[in-house]
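Coordinate analysis (summary)
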Amino acid sequence: MRRSSDATLETPVTQMIDIVFLLIIFFVVTASVDNDLVDNTISLAQAKNTKAESIAKKMSVTINMKMEKDASGKLVVVNGRPKISYNIALQPKTLQGIRQTLLAVKEETGDFVPVLIRVDRNVEYRYIDELLQNALARIGFTKVSIVAVASE
Amino acid sequence: MRKREEESLAIPMSAMIDVVFLLLIYFIVTMEDEIPEAHLAINLPSPGSKKQDQSVAPRLLEVQVYKNELRLRGKIMTYSEIDNFLERFSPTGKDSTVMVQVSQRARAQDLVLALDLCRKHGFNNLNVLTIND
């Protein structure tokens, strides 16, 4: 009688462990290590007719560009214009710093690498133009891509 | 003797299950949705070039981008009107160069809208210039 009562108290764990291991493997496979280097604070513009790029990418330099906000979420304005911040792989850069980085990459690879610009959707074009002309076109980087949220 | 042999063969699982659950919770908490990104390629004018090289592309299409407004060859048009025009134009003009002239007050979203529309109809040679307004 005791054996049968002991048996009913046991819970079948083996199947649950199988499921748990499967879940672990799923999350390990889908987890991405370099997610920390993506600036997720930028609200990209929407491109509803363009598909997402394939995963295999050539070497490229991604420049993130956004308007700075203070702790309360308001735009930081300096001399009547919003303060624009740039970063490459979350490293803050000035326009000159971006030029130096691109020239260093060009020297290392021997070619003009593709430049991707992730810019907040509300940034006025005049500030994007500053980046395009002063940091990119001036040193010969004329093939540039604007990054947008793709259609599904 | 048999009972001792059976006991020594048993693997202690409870601690391993605890670790497995901790790992599972960690990965669930740190998992982030990946946003699909599209790359809209544009060509910038080379430094020092002042005039467009008309000999490169005999057919030219001009799109002007203003804040919340799009124009085609100077004429204000809605998104769907430009979409329909490009659909009719594209079968014969896919080798056209599209000059995207952007106002300084236009936002990135307005520019992306125009580029996306051109890409939709197969226009991949997109040159971007600034309108000094």
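In this report, the structure presented in the accompanying data block is examined. (Residues numbered from 1 in each chain as written. Chains lettered and ligands numbered in written order. Predicted model: local features only at pLDDT ≥ 70, side-chain atom pairs only at ≥ 80, totals over all residues.)

1. What to know about the overall build of chain A
Operational definition: Helix numbering and strand numbering both begin at the N terminus, where a helix is a DSSP run of H or I of at least 4 residues and a strand a DSSP run of E of at least 2. Using C-beta atoms placed from the backbone, we call a residue buried if 20 or more other C-beta atoms fall within 10 Å of its own, exposed if 12 or fewer do, and partly exposed for counts in between. For every residue pair, C-beta atoms are placed from the backbone, and the pair is scored as a contact if these atoms sit within 7 Å.
A count of helical and extended segments in chain A gives four helices and seven strands. For chain A, the α and β elements follow one another from N to C terminus as α-α-β-β-β-β-β-α-β-α-β. Within the span of chain A, comprising 152 residues, buried residues form 23% of the whole. Relative to all contacts within chain A whose residues are 6 or more apart in sequence, the contacts with residues 24 or more apart total 72%.

2. Remarks on the overall build of chain B
Counting secondary structure elements, chain B contains four helices and six strands. Helices and strands in chain B line up, N terminus first, as α-α-β-β-β-β-α-β-α-β. A buried classification covers 24% of the 133 residues belonging to chain B. For chain B, contacts bridging at least 24 residues in sequence account for 82% of all contacts bridging at least 6.

3. Overview of the pairing of strand β6 (residues 126–131) of chain B
Remember that side chains alternate between the two faces of the sheet whenever the strand is regular. Residues and elements named next belong to chain B. Selection rule: Whether two strands pair comes down to DSSP finding at least two bridges between them. Handedness is read with the strands pointing away from the viewer; a crossover is right-handed when the path from the first strand over the helix to the second is clockwise.
By the bridge criterion, six bridges tie strand β5 (residues 97–103) to β6 in an arrangement that is parallel. Looking at the pairing, Val100 lines up with Val128 of β6. Crossover connection from β5 via helix α4 (residues 108–120) to parallel β6: handedness right-handed.

4. A closer look at the nonpolar core
One recurring pattern in soluble globular proteins: nonpolar side chains tend to sit buried together. Our working rule: When buried Ala, Val, Leu, Ile, Met, Phe, Trp, Tyr and Cys residues are joined through C-beta atoms within 7 Å, the set is termed a nonpolar core.
Membership of the largest hydrophobic core comes to 53 residues, with the highest contact counts inside it found for A:Ile146, A:Ala148, B:Leu111, B:Val112, B:Ala114 and B:Leu115. The dominant element in this core, judged by the number of residues it contributes, is α4(B), at eight residues. Those residues in contact with B:Leu115 that lie beyond four places of it in its chain are A:Ile146, B:Leu40, B:Ile42, B:Val100 and B:Leu126.

5. Quick look at the interface of chain B and chain A
To keep it simple, the criterion reads: Note on residue categories: nonpolar means Ala, Val, Leu, Ile, Met, Phe, Trp, Tyr, Cys or Pro, charged means Asp, Glu, Lys or Arg, and polar means any other residue, Gly included.
The interface is formed by 38 residues belonging to chain B together with 42 residues belonging to chain A. Those elements that place two or more of their residues in the side of chain B that touches chain A are α2 (14–30), β1 (37–43), β5 and α4 of chain B. Each residue belonging to the side of chain B that touches chain A can be placed in one class, and the counts come to 24 nonpolar, seven polar and seven charged. Where strand β7 (residues 143–149) of chain A lies against β1(B), seven bridges are found, and the strand directions are antiparallel. Opposite A:Ile146, over in β1(B), you have B:Leu40 as the bridge partner.

6. Focus: unusual backbone geometry
For A:Leu90, which is not glycine, the phi dihedral falls at a positive 65 degrees. In the Ramachandran plot, B:Arg73 falls in the positive-phi region, its phi being about 50 degrees despite a non-glycine side chain. The topology assignment puts B:Arg73 in the loop between β3 (69–72) and β4 (75–77).

7. Some remarks on the packing of helix α3 (residues 95–109) of chain A against helix α4 (residues 125–136) of chain A
All names here are of chain A. Quick note on the threshold: Geometry is summarised by axes, namely lines fitted to C-alpha atoms with helices restricted to the contacting stretch, and by angles between N-to-C directions that run from 0 to 180 degrees. Any angle from 65 to 115 degrees is called roughly perpendicular, while one under 35 is roughly parallel, one over 145 is roughly antiparallel, and all others are oblique. Crossing handedness is defined as follows: a turn of the near helix away from the far one that is anticlockwise and smaller than a right angle gives a left-handed crossing, while the clockwise case is right-handed.
Taken N-terminus to C-terminus, the directions of α3 and α4 make an angle of 50 degrees; their axes are 9 Å apart at the nearest point. In this view, α3 runs oblique relative to α4, as classed from their interaxial angle. α3 and α4 meet at a crossing whose hand is right-handed. Along its contact with α3, which presents Leu95, Ile98 and Arg99, the element α4 presents Leu131, Asn134 and Ala135. Looking at the contact of α3 with α4 residue by residue, the classes come out as four nonpolar, one polar and one charged.

8. Quick word on α3(A)
What counts, and what does not: Here a helix's expected span is defined as the number of its residues, less one, multiplied by 1.5 Å.
Between its first and last C-alpha atoms α3(A) spans 21 Å; for 15 residues at 1.5 Å apiece the expected length is 21 Å, and the two agree. Positive phi shows up at A:Gly110, right after α3(A), with a value of about 80 degrees.

9. Focus: α4(B)
A turn of α-helix holds 3.6 residues, and therefore any two residues three or four places apart point the same way. All names here are of chain B. Helix length check: α4, at 13 residues, gives a terminal C-alpha distance of 18 Å against a target of 18 Å (1.5 Å per residue), a fit within 8%. Taken across its 13 residues, α4 has eleven buried, putting it largely inside the fold. All of the buried residues in α4 are Ala108, Gln109, Asp110, Leu111, Val112, Leu113, Ala114, Leu115, Asp116, Leu117 and Cys118.

10. As for the pairing of strand β6 (residues 115–119) of chain A
All names here are of chain A. Counting buried positions along β6 gives five out of five residues, so the element sits mostly inside the fold. Covered by surrounding structure in β6 are Val115, Ile117 and Val119 together with Leu116 and Arg118, the residues of both alternating faces. Here strand β1 (residues 61–67) pairs with β6 via five bridges, running parallel. Paired with Asn64 across the bridge in β6 is Arg118. In the sheet, β6 pairs with β7 via four bridges, with the strands oriented parallel. For Arg118, the partnering residue across the bridge sits in β7 and is Val147.

11. Structural notes on the packing of helix α2 (residues 14–30) of chain A against α2(B)
Viewed as axis vectors pointing N to C, α2(A) and α2(B) meet at an angle of 40 degrees, and their least axial separation amounts to 10 Å. Taken together, α2(A) and α2(B) sit at an angle that is classed as oblique. You can see that α2(A) and α2(B) cross each other, and the crossing is left-handed. Of the residues in α2(B), those touching α2(A) at A:Ile17, A:Val20, A:Phe21, A:Leu23, A:Ile24, A:Phe27 and A:Val28 are B:Ile17, B:Val20, B:Phe21, B:Leu23, B:Leu24, B:Phe27 and B:Ile28. Residue composition of the contact of α2(A) with α2(B), grouped by class: 14 nonpolar, no polar and no charged.

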